[in-house]
Amino acid sequence: MTEMSGADMVVQALVDLGVDTVFGYPGGAVLPIYDALFKHPTIKHILVRHEQAATHAAEGYARSTGKPGVVLVTSGPGATNAVTGITDALLDSIPMVVLTGQVPTTLIGTDAFQECDTVGITRHCTKHNYLVMDPDRLGPILHEAFYIATHGRPGPVVIDIPKNVQVATGTYSIPNRIDHKSYRPQVDPDAAAITQAAAMIAAAERPIFYTGGGVINAGPDASAALRQLVALTGAPVTSTLMGLGAFPADDDKWLGMLGMHGTYESNMAMNRADLIIAVGARFDDRVTGRLDAFSPDSKKIHIDIDRSSINKIVPVDLAIVGDAGRALDALIAVWGDKGYKARDLGEWWRRIDGWRATRCLDFPEKKEDGAEIMPQRAVKALFDATRGRDPIITTEVGQHQMWAAQHFHFDSPNRWLTSGGLGTMGYGFPAAVGAQIAHPDRLVICVAGEASLQMNIQEMGTVSQYRLPVKIFILNNQWMGMVRQWQELTYESRYSNSYSDSLPDFVKLADAYGWTGIRIDNLGELADGIQRMIDTPGPVIVDCRVAQLANCFPMIPSGAAHTDMILQPNDITGTMDDEAKALV
Amino acid sequence: MKIHTEAGERHVLAVTVDNEAGILAKITGLFSARGYNIESLTVADISADHALSRITIVTSGPPAVIDQIIAQLDRLVPVHSVTDLADGGAHVEREIALVKVAGTGDKRIEALRMADVFRAKVVDTTLTSFIFEITGTSDKVDRFIALMRECGLVEVGRTGVVAIARGSEAL
Ligand SMILES: Cc1ncc(C[n+]2csc(CCOP(=O)(O)OP(=O)(O)O)c2C)c(N)n1
Ligand SMILES: [Mg+2]
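Along each chain, residues carry numbers from 1 onward, in the same order as the chain's sequence is written. To read the labels, note that chains go from A and ligands from 1, taken in the order they are written. The predicted origin of the model limits local features to residues at a pLDDT of at least 70 and limits the giving and counting of side-chain atom pairs to 80 or more, whereas totals for whole chains, interfaces and linings rest on all residues. Excluded from the side-chain calculations are hydrogens and water; all other atoms, namely the structure's heavy atoms, are used.

### A short note on the overall build of chain B
A helix here means a DSSP run of H or I that spans at least four residues, while a strand means a run of E at least two residues long, and both kinds are numbered starting from the N terminus. The helix and strand tally for chain B stands at four helices and nine strands. Ordered by position from N to C terminus, the α and β elements of chain B give β-α-β-β-α-β-β-α-β-β-α-β-β. Each of the three principal axes of chain B carries a C-alpha extent, and together these read 55 × 55 × 30 Å. Every one of the 171 residues in chain B was classed for burial, and the buried ones make up 40%. Restricting to contacts in chain B with at least 6 residues of sequence separation, those with at least 24 account for 71%. Between the averaged position of the 18 positive side-chain charges in chain B and that of its 23 negative side-chain charges there is a distance of 6 Å. Remark: exposure states derive from per-residue accessible area (1.4 Å probe, protein chains only) relative to the maximum for the residue type, with buried under 20%, exposed over 50%, and partly exposed in between. Contact definition: two residues touch when any of their heavy atoms are within 4.5 Å. We treat Lys and Arg as the positive residues and Asp and Glu as the negative residues; His and chain ends play no part in the count. Positions of charges follow a simple convention, taking NZ of Lys, CZ of Arg, CG of Asp or CD of Glu.

Right, here's the structure in full:
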């Protein structure tokens, strides 16, 4: 219990909470906190170039470490610029605490300079938010905010702090133990439900594990438990975009990602399964395709930390609310106690191997040196060249994101950082900055589209300032490829505003920021260019020119069933009825 | 293409929440953001130390939607409990309306007579008007107001439903 200024309390609380990094941008309403941070011995402040980037960098930091990301921005435009990243963190369940400055309490509600209703604006894009009116509340609220951001289903929490609350003095206190009045997420699964689930798995003839970001959020032990349970049961595994890395992609039980751009074998296996074990996944529309045709003959077990995710879209037969890791551990224990043995799933695997034989991720390409590079080839080459270096890969949003998900393979969690729920162009580069800050010695690569990259390209300055060795690998198709692909599928190739016109010369841009720029024009230059990128110690931007009109397959068109996958470009029709057009 | 919506049944939810700034916006915002119906919503502080409020929400939807509404409310940080009063068996629902009727002669007499049948109280009168206070289920209040329309209804104020489960148990 010590008397200090509100700003000092904020910093003290961050220290007490073990925060080592804050991503932020100063302004009038947070100057007291910035002053308290000035030359702080343990908290490193990373000055971004736009507040949206601060939030994505915090997400990248959080996703690659499992620790909450922390953001500090000013009132008004600082706070509104942060909203996209806050929403992104909400949809992808990323733990994040955002401190926003606010006009003094005496001016709230008067349309004061740089005033906006931050708690009002962020009420529905945060897990929780606070407006702190009394400096004595700062200690307890900061500690509670970190608890809420990291417990149960993780998410973003905003703390709005008026400037006079930062200046005023009060007593700093730490709650002994966070024992929240109302927020008590259920982490331990119901034992009877676990027993029933184990029996269902043991009896299934065509089981499949469908795992998601919840397994990653539950920590590396949850991924280890998933591997163990899969080994015990012998069942195949597929995962959502957010769940990649929880299960090793080189394991023969791995079917690849499922959903709209998932593999044929994953989607067919989901469709034909007699038991789906969903773990930390939420039956997103990108995963289910047409709902009335979604896995019609299966029983479904759903393990999720968030009860509201269960039965939201797909009714399930057995609901298990709890932490994914604890639920998987409990299943393993019951499996052992009951002496269950893996069933002979030979028939099921024969069918799966039949679907695998379509080789749905193959793509047509020319092999000579002067040939244009297929984007899939570029991702494969990147994967091959970085094998054994345990890289962290972030992506922007679009075709390149899906190609990276399909062709880059992970064998551990927290290496794959992508914007799944919100699909935010502009996420990938700042997320790479955050991941690199957290892991200064790791190879961090942002696989980018030329359009997405421009949404936060100003962060090149941040990278230069902190001498981060971030690599940006642009799959430059000179199109908003994913938009163009949909226009081909749905609007008879009327390419309305999807051409990436007036692109900068990325190599010159690299030069302007003191980076290394590399341009790759054809297949013959690909391997060398990638190697040069890896071997260059500082930041590198690679402008990899790829086939402009390549499309991402396989694909389940929106509103179609898993069994109606488009495998090849020539399956495209070019029109759709209104019902399908209305889906996103 | 037409957009269609599913019909559903009426449910009364009792929600206890921390009595903090913005909580009502949070709850109503959840309903509007997720496209749930609110037929009525009442809120008041219910604890001696003013720490808790009780919100009674009348909503409607198919069973799966009602289930979602409860789960979505329940995961909000300041929400302590959510109870579907229909689930717990019998419950009592009440609503108060203040109903102003203006008129003279037969209409005035008829209004007073019907108010008596409905056990509505006269809480204010002038030579040309009454204000009735009526308490009951929403149904009863609806019926009274419908009758008053014929007798010179000029204004209505309603509280919305409050409800509580029968028996000795608390929520
Ligand atoms: C902020 C934002 N605006 C718009 C979109 C819609 N959108 C999805 S993908 C895409 C095109 C992305 O182009 P590019 O980054 O070049 O990637 P490509 O698909 O060509 O690989 C657009 C505009 C989005 N996801 N996010
Ligand atoms: Mg592009």
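### With respect to the pairing of strand 13 (residues 299-304) of chain A
Residue and element names in this part refer to chain A. With five of its six residues buried, strand 13 lies for the most part within the structure. Pairing between strands is defined by DSSP: at least two bridges between them are needed. Relative to strand 13, strand 12 (residues 275-279) runs parallel, the two being bridged by five bridges. Within the sheet, the bridge partner assigned to Val279 lies in strand 13 and is Ile303. Strand direction decides the pairing type here: strand 13 and strand 14 (residues 318-321), joined by four bridges, are parallel. Paired with Ile301 across the bridge in strand 14 is Leu318.

### Considering unusual backbone geometry
All names here are of chain A. Residue Pro554 is bonded to the preceding Phe553 through a cis peptide linkage, with omega at -5 degrees. Its location among the elements puts Pro554 in the loop between strand 20 (540-545) and helix 23 (578-581). In this structure, Gln478 is a non-glycine residue whose phi angle is positive, near 60 degrees. Note that Gln478 resides in the loop between strand 18 (471-476) and helix 20 (481-490).

### Considering the interface of chain B and chain A
The partner chain A presents 20 residues to the 18 residues of chain B that form the contact. Of the roughly 1,600 Å² buried between chain B and chain A on both sides combined, carbon and sulfur atoms contribute 52%. For this analysis, a salt bridge means a side-chain nitrogen from Lys or Arg found within 4 Å of a carboxyl oxygen belonging to Asp or Glu. On the surface where chain B and chain A come into contact, there are two salt bridges. We note a salt bridge from A:Arg307 to B:Asp74, for which the minimum N-O separation is 3.6 Å. Polar contacts, as used here, are pairs of N or O atoms within 3.5 Å; protein pairs need one atom able to donate a hydrogen and one able to accept it. Residues neighboring in sequence count only if both atoms are side-chain atoms. Linking chain B with chain A are four residue pairs in polar contact (both at pLDDT 80 or more), by the criterion used here. If you list the elements that add at least two residues to the side of chain B that touches chain A, you get helix 1 (23-33), helix 2 (63-74) and strand 4 (79-84) of chain B. Here the element with the most residues in the side of chain B that touches chain A is helix 2 of chain B; it accounts for five residues. Of the residues belonging to the side of chain B that touches chain A, the class tally is eight nonpolar, five polar and five charged. In this description, buried area is defined as the sum, over both parts, of the accessible area (probe of 1.4 Å) that is lost when the two are combined. Each residue is assigned to one class: nonpolar for Ala, Val, Leu, Ile, Met, Phe, Trp, Tyr, Cys and Pro, charged for Asp, Glu, Lys and Arg, and polar for all the others, Gly among them.

### Thoughts on empty space enclosed by the protein
Residue and element names in this part refer to chain A. With a 1 Å grid laid over protein atoms only, a set of points is called a cavity when a 1.4 Å probe fits there but cannot get out and a pocket when it is open yet has protein on both sides within 12 Å along at least five of seven lines; lining residues have an atom within 4 Å of a point. Grid points are joined across faces, edges and corners, and a volume is the space filled by probe spheres set on the points. The tally for this structure, following the rule as stated, stands at one cavity of 30 Å³ or more. In this structure, the largest cavity occupies an estimated 40 Å³ of space. If you trace the largest cavity, you find it lined by Ile201, Ala202, Ala204, Pro207, Thr233, Trp335, Arg343 and Leu345. A class-by-class count of the residues in the lining of the largest cavity yields six nonpolar, one polar and one charged.

### Overview of the coordination of the magnesium ion (ligand 2)
Ideal values for angles at a metal depend on the geometry: 109.5 degrees with four tetrahedral donors, 90 or 180 degrees with six octahedral donors. Water is absent from the atoms considered, so a metal site may look incomplete; donors are defined as N, O and S atoms within 2.8 Å of the metal, or 3.2 Å for Na, K and Ca. Looking at the magnesium ion (ligand 2), one finds its protein donor set to be A:Glu450 (OE), A:Glu450 (OE), A:Asn477 (OD1) and A:Trp479 (O), positioned 2.1 to 2.6 Å from the metal centre. All donors of the magnesium ion (ligand 2) come from a single chain, and their spacing in sequence reads E-x26-N-x1-W.

### Quick notes on the pattern of salt bridges
Should their charged atoms come close, side chains of opposite charge can pair. Residue and element names in this part refer to chain A. Applying the stated rule across the entire model yields 26 salt bridges over all chains. Asp20 is the partner of Lys67 in a salt bridge, and the nearest nitrogen-oxygen pair spans 3.2 Å. Separated by 47 residues along the polypeptide, Lys67 in the loop between helix 3 (51-65) and strand 4 (69-73) and Asp20 in the loop between helix 1 (6-16) and strand 2 (21-24) bring together distant segments of the chain. Take Asp20: its relative accessible area is 29%, and that puts it in the partly exposed class. Across the salt bridge formed by Arg350 and Glu347, the nearest N and O atoms sit 3.6 Å from each other.

### Structural notes on the side chain of A:Thr87
Residues and elements named next belong to chain A. Mapped onto the elements, Thr87 comes out in helix 4 (residues 77-91). Take Thr87: its relative accessible area is 19%, and that puts it in the buried class. Excluding anything up to four places from it in sequence, Thr87 contacts Cys125 and Leu422.

### A short note on the packing of aromatic side chains
All names here are of chain A. Paired rings are identified among Phe, Tyr and Trp, the last through its six-membered ring, by centres lying within 6.5 Å, and are further divided according to the angle between planes into stacked (under 30 degrees), edge-to-face (over 60) and tilted (the rest). Counting across every chain of the model gives 16 aromatic pairs over all chains. Seen in terms of ring centroids, Trp348 and Trp355 are 5.9 Å apart; in terms of plane orientation they differ by 85 degrees. Their pairing is edge-to-face. For the pair Trp348 and Trp355, one class covers both residues: buried. With a centroid separation of 5.3 Å and an interplanar angle of 35 degrees, the aromatic rings of Phe408 and Phe410 are classed as tilted. Residues Phe408 and Phe410 agree in their burial class; the two are buried. Here a set of aromatic residues connected by ring pairs shows up, and it is made of Phe383, Phe408, Phe410 and Trp416.

### Details of the sheet that holds strand 20 of chain A
Strand pairing in a sheet relies on backbone hydrogen bonds, with the paired strands running either antiparallel or parallel. Residue and element names in this part refer to chain A. What the six strands build is an open sheet, ordered 16-15-17-18-20-19; its pairing is parallel. The open sheet has two edge strands with one neighbour each: strand 16 (416-417) and strand 19 (516-520). Here four bridges tie strand 15 (residues 392-395) to strand 17 (residues 444-449), and the two strands are oriented parallel to one another. Looking at strand 17, one finds that Ile393 is bridged to Ile445. Geometry is summarised by axes, namely lines fitted to C-alpha atoms with helices restricted to the contacting stretch, and by angles between N-to-C directions that run from 0 to 180 degrees. In this fold helix 16 (residues 399-407) packs onto strand 15, strand 16, strand 17 and strand 18, with an angle of close to 135 degrees to the strand it touches most, strand 17. Lying over the sheet, helix 17 (residues 428-438) contacts strand 15, strand 16, strand 17 and strand 18, oriented at roughly 175 degrees with respect to strand 17.

### Some details on the site of ligand 1
Residue and element names in this part refer to chain A. Not every one of the 17 residues close to ligand 1 is listed here, only the nearest: Gln399, Gly423, Ser452, Trp479 and Gly481. For ligand 1, a nitrogen atom lies 2.8 Å from a polar atom in the backbone of Gly423. At 2.9 Å, a side-chain N or O of Asn477 approaches an oxygen atom of ligand 1. In isolation ligand 1 offers 590 Å² of accessible surface; the protein chains occlude 77% of this area. Contributing elements (two or more residues each) for the shell around ligand 1: helix 16, helix 18 (450-453) and helix 20. Residue classes in the shell around ligand 1 are distributed as eight nonpolar, eight polar and one charged. In this text, near means that some heavy atom of the residue lies within 4 Å of the molecule or strand in question. Throughout, the Shrake-Rupley method with a 1.4 Å probe supplies accessible areas, and for residues the shown protein chains are the sole cover considered.

### Examining the state of the cysteines
Here, disulfide denotes a covalent bond that connects the sulfur atoms of two cysteines. All names here are of chain A. Cysteine sulfur atoms are paired as a disulfide whenever they fall within 2.5 Å. Applying the stated criterion across every chain yields a total of zero disulfides over all chains. The thiol of Cys544 is not disulfide-bonded; the next cysteine sulfur, from Cys446, is found 14 Å away. Lacking any disulfide linkage, Cys552 is separated from the closest cysteine sulfur, that of Cys360, by 11 Å. Residue Cys552 is classed as buried on the basis of its relative accessible area of 0%.

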